[in-house]
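Fold and geometry: a report
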Amino acid sequence: MPKDSPGKGIGEDEFFAAESTRASEEVERVTSGIELEREASKTFGSDTAILPRLLDASGVLQDAASAIIDDTFNACFAFSDNTAWNWNFYLFPLWCFGVALRYLVLFPIRLAWIVTCTLLFILFFTIIHNVTRGKLRANLERDLVHLYAACFVISWTGVIKYHGPKPTQRSGHVYVANHTSIIDYIVLTQVTPFSSIAQQNKGWVGFIQNTAMDAIHCIRFNRTESKDREMVQRRLREHVANPDRLPLLIFPEGTCVNNEYCVMFKKGAFDLGCKVCPIAIKYNKIFAETFWHSRRMSFTTYLLKLMTSWAVVADVWYMEPQEMGPDEDSIQFAERVRGMICERAGIKPVPWDGMLKYYRPSPKMTEKRRAQIASNLVKLLPPKDGHLD
């Protein structure tokens, strides 16, 4: 096994150390109480009166109240809470009829459809991959992936409305979109085939990634491999510069969010020195819950949930290409593009790194916060050589 592999723990330790440092910076940046405590310490540090020193601890109270009143981080990954409507005697029979229709009629048809399409896709992809060569094979494989994406949308009774000019194959452009689920890629690919960057998955999803997705030059990575980031950035630059490659689609949030909020964008897509084309995706949750929480359900369970819903209804907006301004860095550029997507899709931007959901706060960060609180509480004690005023 390579020495930097997760099995040996070296690459993984480096990665988690970097993530812990970044998580500490992010928490301090959005935890306004820390700054309030610092200002209070400067103002009242030499005062022995009780009231000013009590105010010195107000930052702790502010952080606690903010977490209770508006927990925007966990809200990013919460499922929608739809109010029950089958609460009386004449609506309940209609609800029962709808459940029977979805599970006993629509679901078997949809399941049979997608299983048949998957088997045919594997058959034809195998034939094309082994019989044809060169540009002909590349074009046929792209068309097959395009058609397979459309088959998936049909299996959900997808009703997708697209706004704006469709993406085209051209160098020097990268497409970025907000991210709710893997189906974002499918919804966009049924109109225009994309290459994309994605976390390596297991099971049948991993099988599709290792075959069809490799054929259209998708880039796969592993979050626990620190060296993967350098490889991904290099391959992104090569892909964008090649006019023969499919348009490159990136989800800069780096994780799935519930389509009500938008977490911070990673700056990698905005460091490529090319034009960035924003895409906004908004799902109608009346007909189906489209958010996928990968830590709570498998992708297979998620697809079955979609196929037992009424339909997947969504709007997709393709916006004008954006370039980095002369006074912008990559982080400011990313924030500007994120703001455009949020405004168009009607979702709320929040100052959180979405990757924090995969990691617990580091012990160093926790200990640092405890030390700050302890320091403020010690100031409330009377001086050794006297009494409080």
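Residues numbered from 1 in each chain as written. Predicted model: local features only at pLDDT ≥ 70, side-chain atom pairs only at ≥ 80, totals over all residues. Heavy atoms only, no water.

The name given to the protein chain in an unreviewed UniProt entry is Phospholipid/glycerol acyltransferase domain-containing protein, with the source organism recorded as Micromonas commoda. Among the UniProt annotations of the protein chain, the heading Subcellular location (unreviewed entry) holds the following wording: "Membrane". Listed in UniProt under the heading Sequence similarities (unreviewed entry), the comment for the protein chain reads: "Belongs to the 1-acyl-sn-glycerol-3-phosphate acyltransferase family." (UniProt positions renumbered as here; feature names shortened; annotations may be inferred.)

**Description of the side chain of Glu253**
Topologically, Glu253 is positioned in the loop between strand S5 (248-250) and strand S6 (261-262). For the buried residue Glu253, which engages in no salt bridge, the nearest side chain bearing the opposite charge is Arg338, 6.5 Å off. One polar contact links the side chain of Glu253 to the main-chain amide nitrogen of His179, over a distance of 2.7 Å. Other than its neighbours up to four places away in sequence, Glu253 contacts Asn178, His179, Tyr261, Cys262, Val263, Met264, Phe265 and Lys266. (Helix = DSSP H or I, 4+ residues; strand = E, 2+ residues; numbered from the N terminus. Buried < 20%, exposed > 50% of the residue type's maximum accessible area, 1.4 Å probe, protein only. Lys, Arg positive; Asp, Glu negative; His and termini not counted. Salt bridge = Lys/Arg side-chain N within 4 Å of Asp/Glu carboxyl O. Polar contact = N/O pair within 3.5 Å; in protein donor to acceptor, adjacent residues only side chain to side chain. Contact = heavy atoms within 4.5 Å.)

**Overview of the sheet that holds strand S3 (residues 195-199)**
Taken in spatial order, the seven strands line up as S1-S8-S7-S2-S5-S3-S4 in an open sheet, and their pairing is mixed. At either margin of the open sheet sits one strand with a lone partner, and together these are strand S1 (159-163) and strand S4 (219-221). With strand direction ignored, the average angle separating the axes of adjacent strands in the sheet is 20 degrees. (Pairing = 2+ DSSP bridges. Axes fitted to C-alpha atoms, helices over the stretch in contact; angles between N-to-C directions.)

**What to know about the nonpolar core**
Ranked by size, the top nonpolar core spans 59 residues in total, and within it Trp156, Leu249, Ile279 and Val316 carry the most contacts. Counting residues per element, this core draws most heavily on helix H7 (residues 134-155), which supplies six residues. Sequence-distant contacts of Val316, defined by excluding residues within four places in its chain, comprise Ile160, Lys161, Tyr162, His163, Val187, Leu188, Ile279, Ala280 and Ile281. Judged by nonpolar contacts, the second largest core, of 26 residues, contains Val232, Cys262, Val276 and Cys342. (Core = buried A, V, L, I, M, F, W, Y, C linked by side-chain atoms within 4.5 Å.)

**What about the pattern of salt bridges?**
All told, the structure shown has seven salt bridges when counted by the stated rule. In this structure, Lys282 and Glu260 form a salt bridge, with 3.9 Å as the shortest nitrogen-oxygen distance. Remark: Glu260 occurs in the loop between S5 and S6 and Lys282 occurs in strand S7 (residues 275-284); sequence separation between them is 22 residues. Residue class for Lys282 comes out buried when judged on its relative accessible area of 18%. Across the salt bridge formed by Lys266 and Asp353, the nearest N and O atoms sit 3.0 Å from each other. With Lys266 in the loop between S6 and S7 and Asp353 in the loop between strand S9 (348-349) and helix H13 (363-378), this pair connects stretches of sequence that are 87 residues apart. With relative accessibility at 24%, the residue Lys266 sits in the partly exposed group. By relative accessible area, Asp353 is classed as buried at 7%. Among the charged side chains, a salt-bridge network with shared partners connects Glu260, Lys282, Lys285 and Glu289.

**A look at the UniProt feature "transmembrane region" (unreviewed entry) in the protein chain**
In the numbering used here, UniProt assigns the "transmembrane region" (unreviewed entry) feature to residues 87-105, 111-132 and 144-164. Secondary structure content for residues 87-105 is 74% helix and 0% strand, and the end C-alpha separation is 24 Å. Annotated as 57% helix and 24% strand, the span residues 144-164 places its first and last C-alpha atoms 25 Å apart.

**Focus on the packing of helix H6 (residues 92-131) against helix H9 (residues 203-215)**
Angle between the axes and distance between the axes: these two values describe a pair of packed helices. Contact geometry of H6 with H9 gives a least axis separation of 12 Å together with a crossing angle of 50 degrees. Our classification of the angle between H6 and H9 gives oblique. The crossing of H6 and H9 is left-handed. Contacts between H6 and H9 involve Phe121, Ile122 and Phe125 from the first element and Phe207, Ile208, Thr211, Ala212 and Ala215 from the second. Tallied by class, the residues present in the contact of H6 with H9 amount to seven nonpolar, one polar and no charged. (Parallel < 35°, antiparallel > 145°, perpendicular 65-115°, else oblique. Left-handed = near helix turned anticlockwise from the far one by under 90°. Nonpolar A, V, L, I, M, F, W, Y, C, P; charged D, E, K, R; others polar.)

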